[in-house]
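As a plain string of letters, each chain reads:
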Amino acid sequence: MIDLRSDTVTRPTVGMREAMATAEVGDDVYGEDPTVAALEAEVAARFGHEAALFAPSGSMANQIALQLVVPPGEELLCDADAHVVTYEIGAAAAYGGISSRTWPAVGAQLDPDVVAGMVRPDGYFAVPTRAIAVEQTHNRGGGGVIPLATLRELRRVADEHALALHCDGARIWHAHVADGVPLADYGALFDTMSVCLSKGLGAPVGSLVLGSAEKIDRARWVRKRMGGGMRQVGILAAAGRYALAHHVERLAEDHAKAARLAEAVAPYGVLATPVRTNIVPLDLTKHPLDAKALATAARAAGVLISVLGPRTARLVTHLDVSEAAVDRAAEAIAGILRA
């Protein structure tokens, strides 16, 4: 099977497994795992933040970060398709007591003026806005990249209203490679960030929360409260360090593979948005097949794809999909859409 469901299906490479097997470890709850400490310091430095905290999942990293910037009973603004309110099972409300309000789903094409108009100040018994969250790249927005100029304008909005700005940067590595924006330029814009190691970078587990030293000290308590304290986790941190050393720049290869898939499906009118990174979004609204039927036919042809809605599907390239496999998948899917 050629698995295009997600870049989360990647498996550790031989070199990564060797790094994991030889990792120096200690008890990370006591702060004694040297490999975890090295990973946290490296990632914080890459983004220009004071500190970072290793967490077992992207969802936990996001929710830790949100609890750092939004007190219980107060408000987060984000888009209607944001991962933090779509795929994290209501965690902001359930764990953080956070109220959320969304602007219409527009993927990476957000309008800072619309966001500014949604901000609620203190007073009059209204729920006050405390933070804004954005997603880079945007998953349900087809891997779209929010332009740096837009993020800078959003930073201005946040400063004007004394709000925190959080980035769900699960795939920010892709944005860095696609647009050439230095990671530190992204990091300078956000009060908190989450960045993932287990998607395009190919590590088996792990994300990091980034912020000031004071915020990350508090984040350790929040992580422990959420059950995220881990012991000899340097084995997993070593995989992340290997990924940072070997798998960031190669993301351009995944972008090229996604572009080939997009070219194959474009003639059938199902490409939802232009492809910028490693996600190919399919909108089957005007096609005879719905998403489930396409996925069923694709599986029969040896290709696995994601169904995101009745008429919405997704293809994702990653390091476990070779160029030959991409070509076979493109031929198979195009054949199904053409039939």
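Please refer to the structure higher up on the page.
Now for a look at the structure at hand. (Residues numbered from 1 in each chain as written. Predicted model: local features only at pLDDT ≥ 70, side-chain atom pairs only at ≥ 80, totals over all residues. Heavy atoms only, no water.)

## Concerning the packing of helix α1 (residues 14-21) against helix α11 (residues 234-246)
Using the following cut-off: Think of each axis as a best-fit line through the C-alpha atoms, taken over the contacting stretch in the case of a helix, with angles from 0 to 180 degrees between the N-to-C directions. Each helix corresponds to a stretch of at least 4 residues labelled H or I by DSSP, and each strand to a stretch of at least 2 residues labelled E; elements are numbered beginning at the N terminus. If an angle is under 35 degrees, it is roughly parallel; if it is over 145, roughly antiparallel; if it lies from 65 to 115, roughly perpendicular; otherwise it is oblique. Put simply, a crossing is left-handed when the front helix is turned counterclockwise from the back one by less than a right angle, and right-handed when it is turned clockwise. Contact criterion: two residues are considered in contact whenever any of their non-hydrogen atoms come within 4.5 Å of each other. Under the grouping applied here, Gly and all other residues not named as nonpolar or charged are polar, the nonpolar ones being Ala, Val, Leu, Ile, Met, Phe, Trp, Tyr, Cys and Pro and the charged ones Asp, Glu, Lys and Arg.
Axis separation between α1 and α11 bottoms out at 8 Å; the angle between their running directions is 140°. In terms of their interaxial angle, α1 and α11 are classed as oblique. In this structure, α1 meets α11 at a crossing whose hand is right-handed. Touching G15, M16, A19 and M20 of α1 are I235, L236, A238, A239, Y242 and A243, all from α11. A per-class count over the contact of α1 with α11 returns nine nonpolar, one polar and no charged.

## Structural notes on the environment of A178
Checked against the element boundaries, A178 lands in helix α8 (residues 172-179). In this structure the C-alpha to C-alpha distance between A178 and P267, which are 89 residues apart in sequence, comes to 24 Å. What A178 contacts, discounting residues up to four positions off in sequence, is V145, H255, R276 and T277.

## Description of unusual backbone geometry
Where we set the bar: With a 1.4 Å probe rolled over the protein chains alone, any residue whose accessible area is under 20% of its type maximum counts as buried; one over 50% counts as exposed, and the rest are partly exposed.
A cis geometry characterises the amide bond from Q136 onward to T137, with omega recorded as -5°. Inspection of the secondary structure assignment puts T137 in the loop between β5 (129-135) and α7 (148-160). With a phi angle near 55°, I89 is a residue other than glycine that sits in the positive phi range. Secondary-structure assignment places I89 in the loop between α4 (83-86) and α5 (91-96). The class of I89 is exposed, set by a relative accessible area of 82%. With a phi close to 55°, A162 is a non-glycine residue in the positive phi region.

## A short note on helix α10 (residues 213-225)
Along an α-helix, a turn takes 3.6 residues, which lines up residues three or four apart on a common side. This is how it is decided: To estimate the expected span of a helix, subtract one from its residue number and multiply by 1.5 Å.
The end-to-end C-alpha separation of α10 is 19 Å, in line with the 18 Å expected for 13 residues at 1.5 Å each. Restricting attention to buried positions, one finds in α10 the residues I216, A219, V222 and R223. Looking at the buried side of α10, the elements it contacts are β2 (51-55), α3 (58-69) and β8 (207-211). Positive phi appears at G227, one or two residues downstream of α10, with a value of about 85°.

## Description of the side chain of R314
Quick note on the threshold: In this count, Lys and Arg are taken as positive residues and Asp and Glu as negative ones, while His and the chain termini are left out. Salt bridge, as used here: a side-chain nitrogen of Lys or Arg that lies within 4 Å of a carboxyl oxygen of Asp or Glu. Any pair of nitrogen or oxygen atoms within 3.5 Å is treated as a polar contact; in protein, a donor-acceptor pairing is required on top of that, and neighbouring residues in sequence qualify only through side-chain atoms on both sides.
Mapped onto the elements, R314 comes out in strand β12 (residues 312-316). Although R314 is buried, it forms no salt bridge, and the closest oppositely charged side chain is D7 at an N-O distance of 6.1 Å. In this structure the side chain of R314 is engaged in a polar contact, spanning 2.8 Å, whose partner is the backbone oxygen of R5.

## Some thoughts on the layout of surface pockets
As a reminder, the rule being used: Here a cavity denotes a set of grid points, spaced 1 Å apart and computed over the protein atoms alone, in which a 1.4 Å probe fits but from which it cannot get out, and a pocket denotes an open set meeting protein on both sides within 12 Å along at least five of seven lines; residues with an atom within 4 Å of a point are reported as lining. Grid points are joined across faces, edges and corners, and a volume is the space filled by probe spheres set on the points.
Here the largest pocket defines a volume of roughly 390 Å³. Taken together, 24 residues make up the lining of the largest pocket; nearest its centre are G107, R140, G141, G142 and T273. The class makeup of the residues in the lining of the largest pocket is eleven nonpolar, nine polar and four charged. In this structure, the second largest pocket encloses a volume near 160 Å³. As for the second largest pocket, its lining consists of D28, V29, Y30, G31, R220, W221, R223, K224 and G229. Residues of the lining of the second largest pocket, tallied by class, amount to three nonpolar, two polar and four charged.

## Points about the sheet that holds β12
The line we're drawing: Note: two strands are recorded as paired if DSSP finds a minimum of 2 bridges between them.
Read across the open sheet, the three strands follow the order β9-β12-β11; overall the sheet is antiparallel. The outermost strands of the open sheet, each flanked by one partner alone, are β9 (279-283) and β11 (306-309). The mean inter-strand angle of the sheet, taken between neighbouring strand axes irrespective of direction, is 25°. Summarising the sheet, β11 and β12 pair through three bridges and their orientation is antiparallel.

## Some words on the sheet that holds strand β4 (residues 99-103)
Reading across the sheet, the seven strands line up as β2-β8-β7-β6-β5-β3-β4 and stay open at both edges, with mixed pairing between neighbours. Because the sheet does not close on itself, it has two edges, and the strands there are β2 and β4. Pairwise comparison of adjacent strand axes, ignoring direction, gives a mean angle of 20° for this sheet. Alignment of β5 against strand β6 (residues 164-169), held across five bridges, turns out to be parallel.

## Here's the deal with the environment of A325
The residue A325 is located in helix α14 (residues 323-338) in this model. In this structure, the C-alpha to C-alpha distance between A325 and K257, residues 68 residues apart in sequence, is 9.7 Å.

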